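Spelled out from the first residue to the last, the chains are:
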Amino acid sequence: MLEMELFSDVIKLISDIRHSKLHNSYDIAIHTEELVERLISEGKWKSAQDLMSLIKLRIARFISALPQEATPVNIMRHILKIIRDEYDTGFKSKGEGHQSLHHLVTANINDSEDYSKLLPTLKSSLLNNLAEYKVELESSMDNIATQALEHIHANEIILTVGKSNTVEKFLKYAAKSRKFQVIVVEAAPRFHGHLMASNLAKSNIQTTIIPDSAVFAMMSRVNKVIIGTHTVLANGGLRTECGVHMVALAAKRYSIPIMVLAHMYKLSPMHLCSSEQDAFNICASPADVLPYSSGPLLNKVHVYNPAFDYVPPELVTLFISHQGGNAPSYVYRLLSELYHPDDQEL
Amino acid sequence: MLNETDIKSYFLNILNEENDVSAGVAAIRTLMKIIKYHDSGTIQGLLEDLKLGMEIMKNTNYPSAAITSGCGLFRRFITLAIKDTYTFAECQNVMLDRGNLFLNKLNASRNKIKKLACQFIVDGSRILTHSRSRVVLHALKEAAEQNRYFEVFVTKSAPDDSGERMYNDLRELKIPCTLIMDAAIGYIMESVDFVMVGAEAVVESGGIVNKIGSYTMALSAKAMNKPFYVLTESVKFSRLFPLNQSDLPDEYKYLPTARSGDLSKEDPLVDYTPPSYITLLFTDLGILTPSAVSDELIKLYL
């Protein structure tokens, strides 16, 4: 019966992301959450185990179609943890819990659990939990923004790269009560920085736009670098917009702190194994770099337009999530709270 | 009740006959044996007996770091078992049951580690390793079985030349490998992709105690921005917080036979690599950053 499942919901999600109907991670996160919520209330499942395998099949489907998009997988992975927790509290059993040294020493033989027993209250309690989770997702951006005053002080010069909704909101929140200057790196070849700069300028923030090549030259006068990210990796590194590694190295050179605004759903248990890792990076359309109108030149040169950069954890100062600030070395702890160890590899 | 020679011969027997068992696991198995044959009828007597067993094993010519951490973990586990039970016989049974479960998990740990580490060994990798580590060998074997093509450089690793054994093991598995001098670590570093070593013990700071020369290798790797990976079972986590090399206990650094003489003239067998030089630790608890190690230890011992 499981094989017969049509996955129409996840296929729709995939195509919406592919066709940029959903282009920011917040919308993707909310849509994924709603997808699972529908699956729980309307799907054909009896036990927690059924439900978990339904979700896992969707994750597998999603990974095979869009391996570089981590947000939906993270959301679903976290919901798997919620299901496990609900099941465990429903039966007052201990479950496998954290995979820890302590557990290794204290485990009993009858501790293992296969989540197959029926729990009549599971559906309603899960829907309650997911409603809470959705509120958490919806308020995450505002929660991050309200921390802005702790990090941005009067008359500081802040540098940011490209466009991030979270960073925009963060800066605008601080601008309500502080006066500071923002330097926006334009982020070629997509130039999302231009839109960011115009949005900030509209909120009366003193904004300067610079080309990517001017980052090092400008860095000496910057007080803080504040950026968003695509994914936070398990070691505290970043998979983020191409060009940020360069900015991070320039900041390191001048010992300028880098704050990364990251929603919890951006935390992924993935590691960067090698720089040639499959599906770590993708190449976007080369038309941005060399337009098709360049005609004869197109035949003579190769054009690459990689979408992502890996930024190692040593270059990041602080992650700011809705729970507050965390150092990169603490990411492993957040991950173990967010996801069940058995779900980290899917 | 086992006497001193029984304990010693049982322990040495495991290590001599079973090639694939580490000293830490052998120590735990010996302690299990002591529990099984103990007949004083009191917990106090049993604890005394176990303490004696540990001393005996530490005084054999095997790496004391692994034995100490294995025994430490096992002792902790016993104190946790005592809390849950009432009579001695009951307690003895609980200990044996849990002990067996514990050993089974430890035996499974190398398989977990090799799977985690294997994904980092990609086609075309050039890997530098030091001395001989069973778990590194397992991981390399697993990668070779998955038809990955990679090359390994092994240091000769004086004074016991354990690198030569590693080299022969790799040759047997038909993995392309080269034996290099210990002094050539700096020379080879620019041409390798990453370093992968085992550990005798992992200390609370997240640093490791390993065969002498590991620290040199880590320093060199850091200088050339190469990742330094450590593969280790969680049974090797130990409650030690060395700040420098001289903080390491003498029993880690020198063999029992050498300990009676003038230590300043002896060559140490292990060194301490601080956590700042380690990129990641691959353990049966997952892939950990060095800072995660202290968290695990605190959870257990607090």
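Throughout this document, residue positions are counted from 1 along each chain, in the order its sequence is written. Here chains are named by letter from A upward and ligands by number from 1 upward, in the order in which they appear as written. Reporting of local features is limited, given that this is a predicted model, to residues whose pLDDT is at least 70; pairs of side-chain atoms are given and counted only at 80 or more, and all residues count toward the totals for whole chains, interfaces and linings. Values reported for side chains reflect all heavy atoms of the structure, with hydrogen atoms and water molecules removed beforehand.

S.K.: Is there a simple way to explain the overall build of chain B in this structure?
M.R.: Working definition: helices are DSSP H or I runs of at least four residues, strands are E runs of at least two. Numbering for both runs from the N terminus. Tallying secondary structure elements over chain B gives twelve helices and ten strands in all. Against the globule reference of 19 Å for 302 residues, chain B gives a C-alpha radius of gyration of 20 Å, in line with a compact fold. With the C-alpha coordinates of chain B rotated into their principal frame, the extents come out at 60 × 45 × 35 Å. Evaluated residue by residue, chain B yields a buried proportion of 53% over its 302 residues. Here the globule rule is a power law, 2.2 Å times the number of residues to the power 0.38, and the radius of gyration is based on C-alpha atoms. Exposure classes here rest on a 1.4 Å probe applied to the protein chains alone. A residue is buried below 20% of its type maximum, exposed above 50%, and partly exposed in between.

S.K.: Help me understand the overall build of chain A in this model?
M.R.: Helices and strands together make up the secondary structure of chain A, namely twelve helices and ten strands. Against the compact-globule benchmark of 20 Å for 346 residues, chain A has a radius of gyration of 22 Å, which places it among compact chains. With respect to the three principal axes, the spread of C-alpha positions in chain A is 65 × 50 × 40 Å. With 346 residues in all, chain A has 52% of them scored as buried. Residue pairs in contact within chain A that sit at least 24 positions apart in sequence constitute 77% of those at least 6 positions apart. Whether two residues touch is decided by their heavy atoms; if any such pair falls within 4.5 Å, the residues are in contact.

S.K.: Looking at this model, I keep getting lost on the packing of helix α1 (residues 4-17) of chain B against helix α2 (residues 23-36) of chain B. Mind explaining?
M.R.: Helix packing geometry: the angle between the two helix axes and the distance between the axes. Residues and elements named next belong to chain B. The angle between two axes is taken between their N-to-C directions and runs from 0 to 180 degrees, where each axis is a line fitted to C-alpha atoms and a helix contributes only its stretch in contact. Running from N to C, α1 and α2 cross one another at 140°; their axes reach a closest spacing of 9 Å. Here α1 lies oblique to α2, going by the angle between them. In the crossing of α1 with α2, the sense of the turn from one axis to the other is right-handed. Seen from α1, the contacting residues are I7, Y10, F11, I14 and L15; seen from α2, they are A23, A26, A27, R29, T30, K33 and I34. Working definition: roughly parallel below 35 degrees, roughly antiparallel above 145 degrees, roughly perpendicular at 65 to 115 degrees, and oblique for all remaining angles. Handedness of a crossing is defined here by the sense of rotation of the near helix relative to the far one, left-handed for an anticlockwise turn of less than a right angle and right-handed for a clockwise turn.

S.K.: Just to check I follow, could you spell out the domain arrangement of chain B for this structure?
M.R.: Interface size is commonly expressed as the accessible surface area that is lost when the partners come together. All names here are of chain B. Either an automatic procedure or a domain database provided the assignment from which the domain bounds are taken. Each domain of chain B was delimited in the assignment, giving domain 1 (4-107) and domain 2 (113-301). The gap between the C-alpha centroids of domain 1 and domain 2 is 26 Å. Of the residues lining the interface, 20 residues belong to domain 1; the matching set on domain 2 comes to 18 residues. Summing the contributions of domain 1 and of domain 2, the shared interface buries around 1,700 Å²; its carbon and sulfur component is 55%. Here, a salt bridge means any Lys or Arg side-chain nitrogen found within 4 Å of an Asp or Glu carboxyl oxygen. Summed over the shared surface of domain 1 and domain 2, the result is one salt bridge. One salt bridge in this structure joins E251 and K58, with 3.8 Å as the shortest N-O distance. Polar contact criterion, stated in full: a pair of N or O atoms within 3.5 Å, where within protein one must be able to donate a hydrogen and the other to accept it, and residues adjacent in sequence count only if both atoms are side-chain atoms. Seen at the junction of domain 1 and domain 2, the total is two residue pairs in polar contact (both at pLDDT 80 or more). For the side of domain 1 that touches domain 2, the element with the highest residue contribution is helix α4 (residues 64-84), accounting for nine residues. Residues are grouped as follows: Ala, Val, Leu, Ile, Met, Phe, Trp, Tyr, Cys and Pro are nonpolar; Asp, Glu, Lys and Arg are charged; every other residue, Gly included, is polar. Among the residues forming the side of domain 1 that touches domain 2, the class breakdown is seven nonpolar, ten polar and three charged. As used here, buried area is the combined drop in accessible area, with a 1.4 Å probe, of two parts when they are placed together.

S.K.: Is there a simple way to think about the pattern of salt bridges in this case?
M.R.: Oppositely charged side chains may form a pair once their charged atoms are brought near each other. Residue and element names in this part refer to chain B. By the definition in use, this model includes 24 salt bridges over all chains. The salt bridge involving E164 is made with K156; its shortest N-O contact spans 3.8 Å. If you follow the salt bridges from partner to partner, you end up with D20, R110, E233 and K236 in one network.

S.K.: Sorry if this is basic, but what is going on with unusual backbone geometry here?
M.R.: Trans peptide bonds make up the majority, and among non-glycine residues the majority have a negative phi. A cis amide bond links A:A188 to the next residue, A:P189, at an omega of 0°. A positive phi angle is found at B:N147, which is not glycine, with a value near 60°. On the secondary structure map, B:N147 appears in the loop between α6 (134-145) and β2 (150-155). Exposure remark for B:N147: the relative accessible area of 69% places this residue in the exposed category.

S.K.: I tried to follow the domain arrangement of chain A on my own but got confused; where do I start?
M.R.: Residues and elements named next belong to chain A. Domain boundaries in chain A define domain 1 (8-140) and domain 2 (146-338). Listed by partner, the interface residues are 18 residues for domain 1 and 17 residues for domain 2. Both sides of the domain 1 and domain 2 interface together cover about 1,500 Å² of buried area, and 53% of this is carbon and sulfur. Seen at the junction of domain 1 and domain 2, the total is zero salt bridges. Of all elements in the fold, only α2 (25-42), α4 (71-91) and α6 (122-145) reach the threshold of two or more residues within the side of domain 1 that touches domain 2. Element by element, the count of residues in the side of domain 1 that touches domain 2 is highest for α4, at six residues. Here the residues of the side of domain 1 that touches domain 2 are counted per class, giving six nonpolar, eight polar and four charged.

S.K.: Is there a simple way to explain the packing of α1(B) against helix α3 (residues 43-58) of chain B in this structure?
M.R.: Residues and elements named next belong to chain B. One can describe the packing of α1 onto α3 by two numbers: an axis separation of 10 Å at closest approach and a directional angle of 55°. Comparing their axes, α3 and α1 come out oblique. The chirality of how α1 crosses α3 is right-handed. Facing α1, whose interface residues are E4, I7, K8 and F11, α3 presents G53, I56 and M57. When grouped by side-chain class, the residues that make up the contact of α1 with α3 number four nonpolar, one polar and two charged.

S.K.: Teacher, can you tell me more about the side chain of A:Q68 here?
M.R.: All names here are of chain A. With respect to the secondary-structure elements, Q68 resides in the loop between α3 (48-65) and α4. Note on Q68: relative accessible area 11%, which makes it buried. Q68 has contacts with H230, R239, A279, I282 and F308, leaving out every residue within four places of it along the chain.

S.K.: I'm lost on the environment of A:K163 in this one. Help?
M.R.: All names here are of chain A. Topologically, K163 is positioned in the loop between β1 (157-161) and α8 (165-175). Along the primary structure K163 and H194 are separated by 31 residues, whereas in three dimensions their C-alpha atoms are 8.2 Å apart. Beyond its immediate stretch of four places on either side in the chain, K163 contacts E168, H192, G193, L195, M196 and N199. In this structure the side chain of K163 is engaged in a polar contact, spanning 3.0 Å, whose partner is the side chain of N165. A distance of 2.7 Å separates a polar atom in the side chain of K163 from a polar atom in the side chain of E168.

S.K.: Explain the packing of aromatic side chains to me, please; I cannot follow it from the model alone.
M.R.: The relation between two aromatic rings is expressed through the spacing of the ring centres and the mutual angle of the planes. Residues and elements named next belong to chain B. Two aromatic rings from Phe, Tyr or Trp, using only the six-membered ring of Trp, form a pair when their centres are within 6.5 Å; if the ring planes differ by under 30 degrees the pair is stacked, by over 60 it is edge-to-face, and anything between is tilted. For the structure on display, the rule yields nine aromatic pairs over all chains. Geometrically, the ring pair formed by F120 and F282 is edge-to-face, given 5.0 Å between the ring centres and 85° between the ring planes. Placement of F120 in the loop between α5 (88-118) and β1 (125-129) and of F282 in strand β9 (residues 280-283) is noted, with a sequence separation of 162 residues between them. Each of the two residues, F120 as well as F282, counts as buried.

S.K.: Please explain the environment of A:Y26 as it appears in this structure.
M.R.: Residues and elements named next belong to chain A. You can see Y26 is positioned in helix α2. Put simply, Y26 and M141 are 115 residues apart on the chain and 8.7 Å apart in space, counted from C-alpha to C-alpha. The contacts of Y26, once residues within four sequence positions are left out, are L137, E138 and Y265.

S.K.: Explain the sheet that holds strand β5 (residues 231-232) of chain A here, please?
M.R.: The strands making up a sheet associate through backbone hydrogen bonding, with each pair oriented either parallel or antiparallel. Residues and elements named next belong to chain A. A pair of strands is labelled paired if DSSP reports no fewer than 2 bridges between them. Taking strand neighbours across the sheet as the criterion, the three strands line up as β5-β6-β8 in an open arrangement whose pairing is antiparallel. Only two strands of the sheet have a single neighbouring strand rather than two, namely β5 and β8 (308-311). The strands touched by helix α11 (residues 244-253) within the sheet are β6 (238-241) and β8, with β8 carrying the most contacts at an inclination of about 35°.

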